[in-house]
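Take a look at the letters that make up each chain.
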Amino acid sequence: MEELLKILSEVKPGVDFEKETALIDDGILDSLDIITILSEIFNEFDITVPTNNIVPENFNSAKAIYAMIEELENNQ
């Protein structure tokens, strides 16, 4: 989780990613941010996120993003 929080804080400094639960719904993250995050997830975790996983509920919080990463790691 620490690696993910570091990635998120580099993409969007100043956001409390440990508490925020509406990153997409509130417009905190936009499509370019998501692309950057996907690229960093690939670099850090060696995981390609399938397009069917790129949905708002998977990116509304750091916890949701991390749960998606763990699920993808377990399915590799």
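Note: the structure precedes this text.
What you see is a predicted model; the values in this text were computed from it and never measured.

Asks: Help me out: how do you make sense of the environment of Pro50 in this one?
Replies: Following the sequence through the fold, Pro50 ends up in the loop between α2 (31-45) and α3 (56-59). The class of Pro50 is partly exposed, set by a relative accessible area of 32%. In the structure, Pro50 is positioned 22 residues away from Leu72 in sequence and 9.2 Å away in space, judged by C-alpha atoms.

Asks: Teacher, can you tell me more about the nonpolar core here?
Replies: Soluble globular proteins tend to bury their nonpolar side chains together. Core analysis: the largest hydrophobic core is formed by 22 residues, its most contacted members being Leu8, Ile37, Ile41, Phe59, Ile65 and Ile69. Looking at this core, the elements with two or more residues in it are α1 (2-11), α2 and α4 (62-74). Phe59 has contacts with Leu23, Ile24, Leu29, Ile34, Ile37, Leu38, Asn53, Ile54, Ile65 and Met68, leaving out every residue within four places of it along the chain.

Asks: Looking at this structure, I do not really get the packing of α1 against α4. What am I missing?
Replies: Relative placement of two packed helices is described by the angle separating their axes and the distance separating the axes. The geometry of α1 relative to α4 is characterised by a closest axis approach of 10 Å and an angle of 125° between their N-to-C directions. With respect to α4, the axis of α1 lies oblique. The element α1 and its partner α4 pack so that their crossing is right-handed. Here Leu4, Leu5 and Leu8 of α1 come into contact with α4, specifically with Ala62, Ile65, Tyr66 and Ile69.

Asks: Can you help me understand α2 in this one?
Replies: Counting along an α-helix, one turn takes 3.6 residues, and residues three or four places apart therefore face a common direction. If you check α2, its first and last C-alpha atoms are 21 Å apart, about what 15 residues at 1.5 Å a residue would give, namely 21 Å. By the burial criterion, the buried members of α2 are Asp33, Ile34, Ile37, Leu38, Ile41 and Phe45. The buried residues of α2 occupy an angular sector of 140° when projected down its axis, which confines them to one face. Turned more than 90 degrees away from the buried face of α2 sit Leu32, Ile35 and Asn43, all of them exposed. Where α2 is buried, its residues meet α1, α3 and α4.

Conventions we followed
Every chain's residues receive numbers from 1 upward, in the order its sequence appears when written. In keeping with the model being predicted, local features are shown solely for residues with a pLDDT of at least 70 and side-chain atom pairs are shown and tallied solely at 80 or more, while totals for entire chains, interfaces and linings include all residues. Think of the side-chain values as coming from all heavy atoms in the structure, minus any hydrogens and water. Helix and strand assignments come from DSSP, with helices taken as H or I runs of at least 4 residues and strands as E runs of at least 2, each series counted from the N terminus. Note on classification: 1.4 Å probe, protein chains only; a residue is buried when its accessible area is under 20% of the maximum for its type, exposed when over 50%, partly exposed between these limits. By nonpolar core we mean a set of buried residues, namely Ala, Val, Leu, Ile, Met, Phe, Trp, Tyr and Cys, connected to one another through side-chain atoms within 4.5 Å. Whether two residues are in contact is decided by their heavy atoms, any of which lying within 4.5 Å being enough. Axes, fitted as lines to C-alpha atoms, cover a helix only where it is in contact. Angles between the N-to-C directions of the axes lie from 0 to 180 degrees. If an angle is under 35 degrees, it is roughly parallel; if it is over 145, roughly antiparallel; if it lies from 65 to 115, roughly perpendicular; otherwise it is oblique. Take the far helix as your reference; a near helix turned counterclockwise from it by less than a right angle gives a left-handed crossing, and one turned clockwise gives a right-handed crossing. Expected helix span is computed as 1.5 Å times (number of residues minus one). Regarding the arc, it is the one traced by the directions from the helix axis to the C-beta atoms.

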